[in-house]
Amino acid sequence: MATVVLLGTLDTKGEEYSWLRAQLEAAGCEVVTVDVGSFTEDAAADVPSSEVASRSGVDVGPLLAARDRGAVMDAMGKGAAAVVRDLLEQGRLHAVLAVGGSGGSSIAAPAMQALPVGVPKLLVSTMASGDVAPYVGQSDVTLMYSVVDISGLNSISRAVLGNAAAAAAGMAVAYERRTAEPATDDAPLVGASMFGLTTPAVDEARARLTELGYEVLVFHATGAGGRALEGLADAGLLAGVLDLTTTELADDLVGGVLTAGPHRLEAAGRRGIPQVVSVGALDMVNFGGRETVPAEFADRQFLVHNPTVTLMRTTAEESAELGRRVAAKVGAATGPAEVLLPVGGVSGIDVPGGPFADPDADEALFGAVREGLAGTDVPVTDWDGAINDPGFGRLAAERLHALITAEGN
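Residues numbered from 1 in each chain as written. Predicted model: local features only at pLDDT ≥ 70, side-chain atom pairs only at ≥ 80, totals over all residues. Heavy atoms only, no water.

### Things to note about the overall build of the chain
Thinking step 1. The helix and strand inventory of the chain stands at 14 helices and 14 strands.
Thinking step 2. The C-alpha atoms of the chain give a radius of gyration of 24 Å, which matches the 22 Å a tight globule of 409 residues would have.
Thinking step 3. Considering only C-alpha atoms, the chain reaches an extent of 70 × 55 × 40 Å along its principal axes.
Thinking step 4. By the burial criterion, 51% of the 409 residues in the chain qualify as buried. (Helix = DSSP H or I, 4+ residues; strand = E, 2+ residues; numbered from the N terminus. Rg over C-alpha atoms; globule rule 2.2 N^0.38 Å. Buried < 20%, exposed > 50% of the residue type's maximum accessible area, 1.4 Å probe, protein only.)

Written as structure tokens, this is what we have:
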């Protein structure tokens, strides 16, 4: 029977969770209730808050005495993550459902993010209509806006929570059925990074990798996409990474809106996953509409891509620093890696006659990569053409395949 894990603060949301449990049981699911309240015991909890707290490895008692609410919530989130991982391994979790405000959501989110992609995760939150990045992270958390506060049951909350219970039950049943099916010999997974201005190269590479027997997962390099790629690599789910589009590094360096954070381009290397890396779209930093570009960049070169996206050309100095960062990250890899440099242009607009054509900036980028990897085991190959020219994507795909097969992966 499919099992739904109810994760919540039973000290403040006991009525709501009792109602949800009844709805889930009526839908034919078993229910495991995990209490992540502030170290309170609840007779309805299958996993009491004391056990959750102990799993965090933190002595919550002094934090409660000091009324350090933030630290308590952080500890309970870590403990909840450990509990749900154990329940999954025991076959006692086929979906997880949580409801709450900002506090409850901040505890439930880390626990959900600790579960693998594909495990159903549904969070009903008062925070779901704002910036949801902290709650979703790099995982496949499903968010539902509560409309009203999670404070007692009423006609609106019953409708919303009833939908949530039905959704969680349906997902749990489907997941339980899927995991019970015999394992199949799936094609090895390759993660690839793409941007609108590197699409032809990645499409060509994807087609070739598919011919070679891989399933290619393409991630749009918009910050969230890069974080998702890093997350899957870090989880050990990828046989190889084709990181042709490292543009998010430029946003991280200069202050654009599509940064994936300072640890982009590190997970594959850290996990020893074979990777082929290029410098796609490092000629640009991304902002919103033209009016959103910070005043400090007023004298820079821009291209209004569309009403909500403005591109700013990276300078030679910025390009050199980006080259150093690429080299440092790839050079630290514990597995096989190769860098391909399209010396004729790094994006669809960085070509002769294109709006971002800048040979000096490109050479600063290429030179820094070559210098940074000189003397390492990472080969750097120049491609005599632009990144989107026919042949580059195929070459990248075949180089990655060679690295994977040489590793016996």
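### A few points about unusual backbone geometry
Thinking step 1. Despite not being glycine, Arg 67 has its phi angle at roughly 60 degrees, a positive value.
Thinking step 2. As for its position among the elements, Arg 67 is in the loop between α3 (60-65) and α4 (69-89).
Thinking step 3. Arg 67 gets classed as exposed once you look at its relative accessible area, which sits at 77%.

### Digging into the packing of helix α12 (residues 316-331) against helix α13 (residues 359-373)
Thinking step 1. It is at 7 Å that the axes of α12 and α13 come closest, and there the two elements cross at 25 degrees. Relative to α13, α12 is oriented roughly parallel. The hand of the α12/α13 crossing is right-handed. Side by side, α12 and α13 meet where Ala 316, Ser 319, Ala 320, Leu 322, Gly 323, Arg 324, Val 326, Ala 327 and Gly 331 of the first sit next to Asp 360, Ala 361, Ala 364, Leu 365, Ala 368, Val 369, Gly 372 and Leu 373 of the second.
Thinking step 2. For the contact of α12 with α13, a count of residues per class yields 11 nonpolar, four polar and two charged. (Axes fitted to C-alpha atoms, helices over the stretch in contact; angles between N-to-C directions. Parallel < 35°, antiparallel > 145°, perpendicular 65-115°, else oblique. Left-handed = near helix turned anticlockwise from the far one by under 90°. Contact = heavy atoms within 4.5 Å. Nonpolar A, V, L, I, M, F, W, Y, C, P; charged D, E, K, R; others polar.)

### Topic: the packing of helix α1 (residues 10-26) against helix α7 (residues 155-180)
Thinking step 1. Two elements in contact, α1 and α7, have axes whose closest approach is 9 Å; the angle formed by their N-to-C orientations is 45 degrees. Viewed along their axes, α1 and α7 adopt a mutual orientation that is oblique. Pair α1 / α7 crosses with right-handed handedness. Here Glu 16, Trp 19, Leu 20, Gln 23 and Leu 24 of α1 lie close against α7, whose contacting residues are Arg 158, Leu 161, Gly 162, Ala 165, Ala 168 and Ala 169.
Thinking step 2. Considered class by class, the residues forming the contact of α1 with α7 number seven nonpolar, two polar and two charged.

### Focus on the sheet that holds strand β3 (residues 95-100)
Thinking step 1. Reading across from one edge, β2-β1-β3-β4-β5 is the order of the five strands in this open sheet, with parallel pairing throughout. With partners counted over all chains shown, the strands left at the sheet margins are β2 (30-35) and β5 (142-145), one partner each. When strand polarity is set aside, the average angle formed by the axes of neighbouring strands in this sheet is 20 degrees.
Thinking step 2. One ladder, built from three bridges, connects strand β1 (residues 3-8) with β3; its direction is parallel. (Pairing = 2+ DSSP bridges.)

### Some thoughts on the sheet that holds strand β6 (residues 189-194)
Thinking step 1. Here six strands make up an open sheet; going across it, the order is β7-β6-β8-β9-β13-β14 and the pairing parallel. The sheet terminates laterally at β7 (215-220) and β14 (380-383), the two strands that pair on one side only. Each strand axis lies, on average, 20 degrees off the axis of its neighbour in the sheet, ignoring direction.
Thinking step 2. Bridge count between β6 and β7: six bridges; the pairing is parallel. When the sheet's bridge partners are listed, Ser 193 is paired in β7 with Phe 219.
Thinking step 3. Along the sheet, helix α9 (residues 224-234) contacts β6, β7 and β8 (240-243); its crossing angle with β7, the most-contacted strand, is approximately 140 degrees.

### Focus on the pairing of β6
The side chains of a regular strand alternate between the sheet's two faces.
Thinking step 1. With respect to burial, β6 is a largely interior element, five of its six residues being buried.
Thinking step 2. Regarding topology, helix α8 (residues 199-211) serves as the crossover connection from β6 to the parallel β7, and that connection is right-handed.
Thinking step 3. Relative to β8, β6 runs parallel, the two sharing three bridges. Looking at the pairing, Ala 192 lines up with Leu 242 of β8. (Right-handed = clockwise from strand over helix to strand, strands pointing away.)

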